[in-house]
Amino acid sequence: MAKMNMVQALNLALRQEMEKDDRVVLLGEDIGVDGGVFRVTDGLLDKFGPQRVLDTPLAESAIAGMSIGMAVYGLRPVCEMQFSGFSYYALHQMEAHASRMRARSQGRYTVPMVLRAPYGGGVRALEHHSESREIYWAHTPGLKMVIPSTPRLARALLVSAIRDPDPVVFYEPKAVYRAFREEVPEEEETFPLGKSRVARPGGDLTLISYGASLMPTLEAATELSEKDGVECEVIDLLSLSPLDDRLFIESVKKTGRAVVVHEAHATFGAGAEVIARIVEKALLYLEAPVRRATGFDVVIPLYQREQDYLPGVHRITKAVRETLAF
Amino acid sequence: MAKMNMVQALNLALRQEMEKDDRVVLLGEDIGVDGGVFRVTDGLLDKFGPQRVLDTPLAESAIAGMSIGMAVYGLRPVCEMQFSGFSYYALHQMEAHASRMRARSQGRYTVPMVLRAPYGGGVRALEHHSESREIYWAHTPGLKMVIPSTPRLARALLVSAIRDPDPVVFYEPKAVYRAFREEVPEEEETFPLGKSRVARPGGDLTLISYGASLMPTLEAATELSEKDGVECEVIDLLSLSPLDDRLFIESVKKTGRAVVVHEAHATFGAGAEVIARIVEKALLYLEAPVRRATGFDVVIPLYQREQDYLPGVHRITKAVRETLAF
Amino acid sequence: MPIREIDLPNRVKYLSILDQEGQVDEALDPRLSEELLLRLYRGMVLARRFDERMLIMQRQGKIGTFAPIKGQEAQVGAAAALEENDWIVPSFREAPVEIWRGKPMESILLYYSGYSEGGEIREGLNMLPVSVPVGSQMSHAVGIGFGMKYRGQKSVAATFFGDGATSQGDFHEALNFASVYQVPVVFICQNNHWAISLPRGRQTNSATLAQKALAYDMAAVQVDGNDVLAVYSAVKEAVDRGRGGGGPTLIEMVTYRLSMHTTADDPKKYRSEQEVAEWESRDPITRFEKYLTNRGVLDEQQVRSITQEIKAQISQAEQRWQEAAQKRIDPLGMFEHAYAELTPALRDQREMLKKELEDKK
Amino acid sequence: MPIREIDLPNRVKYLSILDQEGQVDEALDPRLSEELLLRLYRGMVLARRFDERMLIMQRQGKIGTFAPIKGQEAQVGAAAALEENDWIVPSFREAPVEIWRGKPMESILLYYSGYSEGGEIREGLNMLPVSVPVGSQMSHAVGIGFGMKYRGQKSVAATFFGDGATSQGDFHEALNFASVYQVPVVFICQNNHWAISLPRGRQTNSATLAQKALAYDMAAVQVDGNDVLAVYSAVKEAVDRGRGGGGPTLIEMVTYRLSMHTTADDPKKYRSEQEVAEWESRDPITRFEKYLTNRGVLDEQQVRSITQEIKAQISQAEQRWQEAAQKRIDPLGMFEHAYAELTPALRDQREMLKKELEDKK
Ligand SMILES: Cc1ncc(C[n+]2csc(CCOP(=O)(O)OP(=O)(O)O)c2C)c(N)n1
Ligand SMILES: Cc1ncc(C[n+]2csc(CCOP(=O)(O)OP(=O)(O)O)c2C)c(N)n1
Ligand SMILES: [Mg+2]
Ligand SMILES: [Mg+2]
């Protein structure tokens, strides 16, 4: 097993799936010669040629629309939106067609495509390069929405996403891209879509998060353990759609307390749904209000204020302590 | 006071604001000669001429983008998306620019525009003509999002929206358009954005809804009162953004039980945020899980199955009875 | 040469073959077999009759809103120029093409009477379902065209759309991608002069829609869209170009929507009776009928028997539709085909609806 | 005429006035005043020096990612052809134009060092802030142009964008709307041959970008974008057309990005040194300097003093930037200008962050 960062792990997933299956074709802006602005597709043009790694003109809607056509025809396109902040140009295509083609044609045509997009803040980028608007996709029926949190999981989930018979929106936390390395096996590994995982076991409070926010969440759990002797169970959602509520419900039934962490805006964010599920399925176990440690309801600011926008260890531990003190 | 349906009431609002303020300009597909496919702008071209009522080419993104430019320049454009199902073509414009221009220019430029769109099911329409995806907008910071429920409120809210200094997405429940009439005063009337209202007082359970779903919600409340002797307090949200949680929190503190009703998909829908707010602000008052009577997590089906998708009186009363029996 | 005119390689041509009196231009005549000529005639008449029938059914409340095709029947010429392996990516005003390709009329009725099952598409039909969002389907044809090229198939994808659709950004992006990747796609614009209430002249400020291809150095032709032979020829040429590796083509079919936009529309609000009357005199069927009669391919007797056959065919389709509609009313069907497999939330929701339906019984 | 070529009214012209040796075409010379010529020169040199300085500062970690403009300085010719009442709707590679118009350099530094306050725009500047989403800002110019027409103002809106932007659907929609409403908008495409790693030739399959205007029967010209006089003349003509009610124009400035796409980019991955070297020989500043020197408007002495002045000007801006940055670090600033008034949720969130900041102290 090699130690890889998330970029390398994603590259491995793409390479291996392309080797295995000639239906897999990549397309996107600057993914070929340049290897992608984050280098996720580095080397793939050389290896697979311009018929399988398409540098596209600058038009997100057509990238998605062309992918839909390819997928209907029997290919397995993996398209890249250079930044999630520009993926909304393709929302109407994904909403109107990718998500509906199966139902519209009563199962005759399917759209097994993956739409990849780096998302999230923390890398001191320009405006529109740091958003976290996964809800647009997660609320859209017919799409799946996945957000990995570590290199190994990113690789396994991307392989599953490519093989999935339905369209998958795959948000990659760019703050994690090069943040740390993890052992990633050369052999095939998949991870089922629609399954969450326990990222850290604990019995005092349940922390629920995903994507880039998992890092500060785990840090916060460590700090709370070390400083307060509080053991948080950390649930990593991984898929927002289908949302797996089994693990966090179980956990909350055990701990009675929960805090949801994400960098997306609080209002109508993913945390709301998590709380709604807890209320629906585990209300009587709740010993305190479920708090949210999230981004604020403002556009994520330019980088001087970015860290104050993002839910960091401080915001998380504070929410946990308040929840425990309730 | 004249009795008006919602279409007439909206027409009144537009006409009067155009009379009062020459900055108000309308644009959209078929809003001129045709008066809009739902006739909301009927007669306005004749009255105000083609410089103030623009029939546009078929391009939602440009309609929104042009409105942004007009608003920046000092006009008060009110643009129409023919159906909300096609408004996502304009999401990137609203997300990237309308919602951000004020902050981006540090208050120098503002975008006082209204984007109107008929939304929702129940009128036996074709595919894409019945969606309820208000979350896309309500989750976008910098936008306001309003959904009226009656003719009189629609008129008052539209006037407020036009005068609002910020961009407002104004979803009109087309199932209400001609469903009933209400007295609408000829004199100016406004209703503040960001305020909910009590649509029916009661002390046993809080029903929270908005838009077209308010009709079955009120019907359900009546039925529950008549058949079960249960008095539901019905809160009509009116604005999803800014969301006014004051009234429903107060109500839940009184009743201890709540059901949220909307036709949008359940998962990551508006109901989740309502529940999250209740948990954050009134958990200890809750005597039962808050239930959701909503549309399902599937694309709203063609009209033979549409009524089975929509939360009707039966789904609502059932949720209420289960909540009371908890 | 500090100031000079740039020499652009492409020009736009206009093509018509049959005039309004049914006179053919011999030099341009595609010389189709009599059998094909009769099939084209039959396809057009069937489309017209079915459209009329649907309008009646809509007015009777038997089916819901739909988009009549009256006046645009010459589109079957486009379908006829395609082969089975070619794909069709329609918009919502291509019932004639769809029926030509093999979509059962009962399917169309099911769809417009609100049954999702009307979207069913037979294996091997190589045709996407109706696409309602204007302009959004063209890029799918580009993807399909790419797939054909990738697989070394000598087939093409033909996509249909209206004059209004040319205003959408997606139109531009699809044409640009098609030209960049030189995919075998035929873009067929049915310029029927109206996008609901907006006349062609206010949809865009260009003299033709065909010339929009110049932006992509793409082959283009404007064709008399009420002339089924010209439509056939133009599409055939484009199909051959695509099949031969010559890339995409934009075809503007100049035609006219004689009926309302959809059954929810009242065209009297925005256009003159006179304009409609003028276009009625250019009816694609009358013209073709004259031509066939002049050529002796068709006589009154045949017209009558074709009319009879078509009537029977339509009423059989109606019957099959009624049977199917009765079978297909299970509301739980809405959960079918949401995903390959039901998600946990959908399983719960399906259960919930099931109980609701039982309660209601 | 059953088959005929359609006569399209518009053609696309190419314009250049100064050649690479700084020789002017007398017939086309716009005959600018010496003062304006020197201002243009100064604007270009300032832009170049500021760009170089920013690159250094970026490498030192003092500012963040930004898009260098090296090689594209002749864009100041466009700004010079505009008047104060005209609006500018830029993309993100128009620092020269912005500075020309009056944006303080410290503002630009603030912006790229991550302070939202860098977006501040002085009252009366009539220029929108930087727009990052490629192609999205052009329709704003159409709305502004409409507003001018609506108010009977004799002004125009000029919008800037790159070659890559022409692929976006929004480009097409904006041009179409502009032509339909005949608004006074000048669309200025800085074709710098690259959209990050995609060369112009693979961005679109057309011989020129200017010809895309043919799709809208819109006036268009391709201009040597490294020739500040040609840029000035082309824009001036378009501005006059717009002001006179003649509608929009598309201008393609053929230029070259000599530096990286942004400071996060490594152009060595995708283009040859040789290509860059070729374009270096067409440097817009050198050429103009030659011309001015030949004409006797500029001498070595003046070049030196201008260089000195510019250096001082830039270092003063840096100083003001540092002072401003120190003042402007209040994180609560993110809640300012979200809406005209803070919403209840934002009030709570602001409070929350305030406490958080106090805790952290
Ligand atoms: C994206 C989008 N916007 C608006 C509509 C509503 N609508 C349906 S058809 C139509 C006009 C289409 O005109 P055209 O493209 O000329 O096709 P035609 O109806 O004439 O066949 C409009 C505005 C839609 N279906 N999709
Ligand atoms: C809608 C959108 N997609 C992708 C990007 C990322 N991106 C930034 S600049 C750029 C290339 C732009 O090329 P061009 O329009 O030629 O302008 P240039 O950078 O050459 O000035 C890309 C792909 C973006 N900013 N916006
Ligand atoms: Mg049309
Ligand atoms: Mg460029």
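Caption draft 1: Seen up close, the overall build of chain A. Scanning chain A from N- to C-terminus turns up twelve helices and 14 strands. Expected size for 326 residues packed as a compact globule is a radius of gyration near 20 Å; at 19 Å, chain A falls within 12% of this value. Once the C-alpha set of chain A is aligned to its principal axes, its extents read approximately 60 × 40 × 40 Å. Taking all 326 residues of chain A together, 77% fall into the buried category. Once local pairs closer than 6 in sequence are excluded, the contacts in chain A between residues at least 24 apart make up 81%. Taken as a whole, chain A presents about 8100 Å² of accessible surface, with 48% of it coming from carbon and sulfur. When the 38 basic and 44 acidic side-chain charges of chain A are each reduced to a single mean position, those positions are 3 Å apart.

Caption draft 2: Highlighting the overall build of chain C. For chain C, the count of helices and strands is twelve helices and nine strands. For 361 residues, the compact-globule estimate of 2.2 N^0.38 gives 21 Å, and the C-alpha radius of gyration of chain C, at 22 Å, lies within 12% of that figure. Once the C-alpha set of chain C is aligned to its principal axes, its extents read approximately 80 × 60 × 45 Å. Of all 361 residues assigned to chain C, the portion counted as buried reaches 64%. Within chain C, residue pairs in contact and separated by at least 24 positions form 75% of the contacts whose partners lie at least 6 positions apart. A total accessible area of about 13100 Å² is found for chain C, and carbon and sulfur atoms account for 47% of it. Placing the 44 positive and 51 negative side-chain charges of chain C at their respective mean positions leaves the two points 2 Å apart.

Caption draft 3: Structural context of the coordination of the magnesium ion (ligand 3). All names here are of chain C. Taken together, D163 (OD), N192 (OD1) and W194 (O) make up the full set of protein donors to the magnesium ion (ligand 3), lying 2.0 to 2.1 Å away. Positions of the donor residues of the magnesium ion (ligand 3), expressed as sequence spacing, correspond to D-x28-N-x1-W. For W194, a relative accessible area of 8% corresponds to the buried category.

Caption draft 4: Broad picture of the coordination of the magnesium ion (ligand 4). Residues and elements named next belong to chain D. Protein-derived coordination of the magnesium ion (ligand 4) comes from D163 (OD), N192 (OD1) and W194 (O), at a distance range of 2.0 to 2.1 Å. Counting residues between consecutive donors of the magnesium ion (ligand 4) along the chain gives the motif D-x28-N-x1-W. Here D163, found in the loop between β4 (157–162) and α6 (169–181), pairs with N192, found in the loop between β5 (185–191) and β6 (194–195); they are 29 residues apart in sequence, far enough to count as distant.

Caption draft 5: Broad picture of the packing of helix α9 (residues 246–255) of chain A against helix α10 (residues 270–282) of chain A. All names here are of chain A. The N-to-C vectors of α9 and α10 enclose an angle of 60°; their axes lie 10 Å apart at closest approach. One element, α9, and the other, α10, form an angle in the oblique class. Like other packed secondary-structure pairs, α9 and α10 cross with a definite hand, here right-handed. Contacts between α9 and α10 involve F248, I249, V252 and K253 from the first element and V274, R277, I278, K281 and A282 from the second. Taken together, the residues of the contact of α9 with α10 sort by class into six nonpolar, no polar and three charged.

Caption draft 6: Broad picture of the site of ligand 2. Taken together, the neighbourhood of ligand 2 is formed by 21 residues, with E60 of chain A together with R93, D163, G164 and W194 of chain D sitting nearest. Between V134 of chain D and ligand 2, the recorded distance is 2.9 Å, taken from a backbone N or O atom to a nitrogen atom. The backbone of A165 of chain D places a nitrogen or oxygen atom 3.0 Å from an oxygen atom of ligand 2. Across the complex, the protein chains shield 96% of the 580 Å² of accessible surface that ligand 2 would expose by itself. Its residues assigned to classes, the shell around ligand 2 comprises eleven nonpolar, six polar and four charged.

Caption draft 7: Spotlight on the environment of P104 of chain C. By the element assignment, P104 of chain C lies in the loop between α3 (95–101) and α4 (105–112). Along the primary structure P104 of chain C and Q313 of chain C are separated by 209 residues, whereas in three dimensions their C-alpha atoms are 10 Å apart.

Caption draft 8: Structural view of the site of ligand 1. Around ligand 1 sit 21 residues, and of these E60 of chain B together with R93, D163, G164 and W194 of chain C come closest. One finds residues of chains B and C in close proximity to ligand 1. Interatomic distance of 2.6 Å between a side-chain N/O atom of D163 of chain C and an oxygen atom of ligand 1. A distance of 3.0 Å separates an oxygen atom of ligand 1 from a polar backbone atom of A165 of chain C. Each residue belonging to the shell around ligand 1 can be placed in one class, and the counts come to eleven nonpolar, six polar and four charged.

Caption draft 9: Focus on the sheet that holds strand β12 (residues 239–241) of chain B. All names here are of chain B. Taken in spatial order, the seven strands of this open sheet run β3-β2-β4-β5-β7-β6-β12, and their pairing is mixed. The open sheet has two edge strands with one neighbour each: β3 (53–55) and β12. On average, each strand axis in the sheet is inclined to that of its neighbour by 20°, with strand direction left out of account. Helix α1 (residues 6–20) rests against β2 (24–28), β3, β4 (76–80), β5 (114–119) and β7 (168–173) of the sheet, and its axis sits at about 135° to β2.

Caption draft 10: Structural context of the relation of the copies chain A and chain B. The two copies are related by a screw motion: chain A maps onto chain B through a turn of 180° and a shift of 0.0 Å along the axis, at an RMSD of 0.0 Å. The superposition operator between the copies reduces to a two-fold rotation axis. By residue overlap, the copies meet face to face through one surface: 100% of the interface positions of chain A are interface positions in chain B.

Caption draft 11: Representation of the relation of the copies chain D and chain C. Expressed as a screw operation, the relation of chain D to chain C combines 0.0 Å of axial shift with a rotation of 180°, fitting to an RMSD of 0.0 Å. Interface overlap between copies: 100% of the residues of chain D at the interface are likewise at the interface in chain C, consistent with a symmetric, same-surface contact.

Caption draft 12: Summary view of unusual backbone geometry. The linkage connecting S241 of chain A with the following residue, P242 of chain A, adopts the cis geometry, with an omega of -5°. With respect to the element layout, P242 of chain A can be found in the loop between β12 (239–241) and α9. The phi torsion at Q182 of chain C lies on the positive side, around 45°, for a residue other than glycine. Inspection of the secondary structure puts Q182 of chain C in the loop between α6 (169–181) and β5 (185–191). For Q182 of chain C, a relative accessible area of 28% gives the class partly exposed.

Caption draft 13: Main features of the interface of chain D and chain C. Every contact between the two is made by 39 residues of chain D and, on the other side, 39 residues of chain C. Together, the buried faces of chain D and chain C total about 3600 Å²; carbon and sulfur atoms form 54% of this surface. Counting across the chain D and chain C interface gives two salt bridges. Measuring nitrogen to oxygen at the nearest pair gives 3.6 Å for the salt bridge that ties K13 of chain C to E5 of chain D. Contributions of two or more residues to the side of chain D that touches chain C are made by β1 (3–5), β2 (13–15), α6 and α7 (200–203) of chain D. Per element, the largest residue contribution to the side of chain D that touches chain C is seven residues, and it comes from α6 of chain D. Of the residues assigned to the side of chain D that touches chain C, the class counts are 14 nonpolar, 16 polar and nine charged. Of the pairings in the sheet, the one linking strand β1 (residues 3–5) of chain C to β2 of chain D comprises three bridges and is antiparallel in character. When the bridges of β2 of chain D are listed, I3 of chain C appears paired with L15 of chain D.

Caption draft 14: Region of the structure containing the interface of chain A and chain B. With 47 residues of chain A in contact, the opposing surface of chain B contributes 47 residues. Between the two partners, chain A and chain B, sit twelve salt bridges. For R292 of chain A, the salt bridge identified is with E280 of chain B, shortest N-O distance 2.7 Å. Taken together, the links from chain A to chain B amount to 24 residue pairs in polar contact (both at pLDDT 80 or more). Those elements that provide at least two residues to the side of chain A that touches chain B are α4 (91–98), α6 (134–138), β13 (258–265) and α10 of chain A. Counting residues per element, the side of chain A that touches chain B draws most heavily on α10 of chain A, at eight residues.

Caption draft 15: Representation of the pairing of β5 of chain B in the model. All names here are of chain B. Among the six residues of β5, six are classified as buried, and the element is accordingly described as predominantly covered. Of the two faces of β5, the one lined by V114, R116 and P118 and the one lined by L115, A117 and Y119 are each fully buried. Sheet topology places β4 next to β5; three bridges connect them, and they run parallel. Paired with C79 across the two strands is L115, which belongs to β5. Looking at chain direction, β5 and β7 are connected through six bridges and run parallel.

What counts, and where the lines are drawn
- Residues numbered from 1 in each chain as written.
- Chains lettered and ligands numbered in written order.
- Predicted model: local features only at pLDDT ≥ 70, side-chain atom pairs only at ≥ 80, totals over all residues.
- Heavy atoms only, no water.
- Helix = DSSP H or I, 4+ residues; strand = E, 2+ residues; numbered from the N terminus.
- Rg over C-alpha atoms; globule rule 2.2 N^0.38 Å.
- Buried < 20%, exposed > 50% of the residue type's maximum accessible area, 1.4 Å probe, protein only.
- Contact = heavy atoms within 4.5 Å.
- Areas by Shrake-Rupley, 256 points an atom, 1.4 Å probe, with all protein chains shown as cover.
- Lys, Arg positive; Asp, Glu negative; His and termini not counted.
- Charge placed at Lys NZ, Arg CZ, Asp CG, Glu CD.
- Donors = N, O, S within 2.8 Å, 3.2 Å for Na, K, Ca; no water.
- Axes fitted to C-alpha atoms, helices over the stretch in contact; angles between N-to-C directions.
- Parallel < 35°, antiparallel > 145°, perpendicular 65-115°, else oblique.
- Left-handed = near helix turned anticlockwise from the far one by under 90°.
- Nonpolar A, V, L, I, M, F, W, Y, C, P; charged D, E, K, R; others polar.
- Near = heavy atom within 4 Å.
- Polar contact = N/O pair within 3.5 Å; in protein donor to acceptor, adjacent residues only side chain to side chain.
- Pairing = 2+ DSSP bridges.
- Least-squares fit on C-alpha atoms with pLDDT ≥ 70 in both.
- Buried area = accessible area lost by both parts, 1.4 Å probe.
- Salt bridge = Lys/Arg side-chain N within 4 Å of Asp/Glu carboxyl O.

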